[in-house]
Amino acid sequence: MSVEENVKEIRERIAGAAARAGRDPAEITLVAASKMNPAEKVIEAKNAGITVFGENKVQELLGKKALGAYEGAKLHLIGHLQKNKVRQIVGQCDVIQSVDSQELLRLIAAKAESLGLVQKVLLEVNIGGEESKTGACPDEIRAILDAASGAKGVSVEGLMAIPPSVENNPEKTNYFAKMYQLFVDISAEKYDNVTMRILSMGMSADFEEAIREGANMVRVGTSIFGARNYQV
Ligand SMILES: *Cc1c(COP(=O)(O)O)cnc(C)c1O
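All of these numbers come straight from a predicted model, not from anything done at the bench.

Peer 1: Would you mind showing me how to read the site of the ligand here?
Peer 2: Every residue lining the ligand is accounted for by A33, K35, N56, I78, I162, M203, S204, R219, V220, G221, T222 and R228. In this structure, an oxygen atom belonging to the ligand sits 2.7 Å away from a side-chain N or O atom of K35. Between the ligand and G221 there is a distance of 2.8 Å, counted from an oxygen atom to a backbone nitrogen or oxygen. In isolation the ligand offers 380 Å² of accessible surface; the protein chains occlude 89% of this area. Taken atom by atom, the bulk of the ligand overlaps the largest pocket. When the residues that make up the shell around the ligand are grouped by side-chain class, the tally is 5 nonpolar, 4 polar and 3 charged.

Laid out in C-alpha cells, this is it:
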C-alpha cells in the first residue's frame with residue numbers, strides 16, 4: 001500500500017477509535033514518526049495530509065529540515081534528547097516530547113531564553129518503570145514541573161509515554177490508563193508555565209487502545225511508512 005493509502009486508513013481507524021470512546025476525532029493529533037525515512041517519504045506523507053512529523057534523532061531531523069522536508073508542517077522531537085544536543089535543537093522544532101529530567105528542562109529553558117523564545121515541551125514518563133527505557137519515573141514528574149515553574153524559556157504542554165510492550169507486560173497492566181490518570185491529576189494542579197493539553201501515547205501496534213484510554217496525540221511510524229530498514 002502507498003503512504004497515501006496508509007494515511008487514509010490510519011485516519012479512519014483513529015476516527016473509529018474516537019467514536020467508540022465517544023470523542024471527537026478532530027481532537028486527536030496524528031504525528032507521523034518518520035525516523036529512517038528519507039525527505040522524499042516525508043514529503044509524500046505531507047502530500048497525503050500529514051501535518052505533524054516526529055523525528056527521533058537531532059541530526060536526522062536537522063538534515064531533513066535543511067532539505068525543506070517538513071515545510072508547512074509541524075515538527076516534534078520524539079526520541080531521547082542528549083544534553084549535548086540541546087543547543088542544536090532548541091528553536092528548531094515545535095515541540096520536544098522527550099524531556100525526562102530537571103537538568104534537561106533547565107538546559108532547554110536556558111538555551112531558549114538566550115534565543116528569546118519559548119520552547120514547547122512534553123514530559124516523557126517511564127510509566128512501566130522499565131530500567132532500559134528513557135523517561136522520568138512518575139514520582140519525579142512533580143519536581144520537573146516545579147523546575148518548569150521557574151523557567152521562562154519553556155512551556156510544558158503535556159505528557160508523553162512509551163509503555164512496555166506486550167512481552168514486557170505479562171500482568172497486562174493498563175499503562176495507558178495510568179498515564180491518563182497522571183495527566184488528569186496534574187491538570188488539576190497549578191504550576192506556572194504548565195498547561196496539560198497533550199497526552200501523547202500509542203504507536204502502530206496500539207494507538208486505538210491508547211485513544212480509548214484518553215490519548216489525544218498518537219505517534220505512528222510503521223503503519224504509515226512501512227517497516228524500517230535498520231540495515232542501511
Ligand atoms: C518509532 C517511534 C514511534 C512509532 O513507532 P511505530 O511502531 O513504527 O509506529 C513512536 N514513538 C516513538 C518515540 C518512536 O521512536
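Now that the structure is up, let's keep going.
Peer 1: I tried to follow the layout of surface pockets on my own but got confused; where do I start?
Peer 2: A probe matching the size of a water molecule, rolled over the atoms, marks out where space remains unfilled. The computed volume of the largest pocket comes to approximately 750 Å³. Around the largest pocket sit 33 residues that line it, and P163, P164, S165, M203 and D206 are the ones nearest its centre. Broken down by secondary-structure element, the contributors of at least two residues to the lining of the largest pocket are β6 (154–161), α7 (175–187) and α8 (207–212). Per-class residue counts for the lining of the largest pocket are 12 nonpolar, 12 polar and 9 charged. If you add up the space inside the second largest pocket, you get close to 230 Å³. As for the second largest pocket, its lining consists of 13 residues, and the residues nearest its centre are T29, H76, R197, I198 and M217. Of all the secondary structure elements, the ones that give two or more residues to the lining of the second largest pocket are β3 (74–77) and β7 (194–200). In terms of residue class, the lining of the second largest pocket is made up of 4 nonpolar, 3 polar and 6 charged.

What counts as what
Residues numbered from 1 in each chain as written. Predicted model: local features only at pLDDT ≥ 70, side-chain atom pairs only at ≥ 80, totals over all residues. Heavy atoms only, no water. Near = heavy atom within 4 Å. Polar contact = N/O pair within 3.5 Å; in protein donor to acceptor, adjacent residues only side chain to side chain. Areas by Shrake-Rupley, 256 points an atom, 1.4 Å probe, with all protein chains shown as cover. 1 Å grid on protein atoms, 1.4 Å probe; cavity = no way out; pocket = protein on both sides within 12 Å on 5 of 7 lines; lining within 4 Å. Sits in = over half its atoms within 2 Å of the grid points. Nonpolar A, V, L, I, M, F, W, Y, C, P; charged D, E, K, R; others polar. Points joined across faces, edges and corners; volume = space filled by probe spheres on them. Helix = DSSP H or I, 4+ residues; strand = E, 2+ residues; numbered from the N terminus.

Fair warning: the whole summary comes from geometry, so function is off the table for now.
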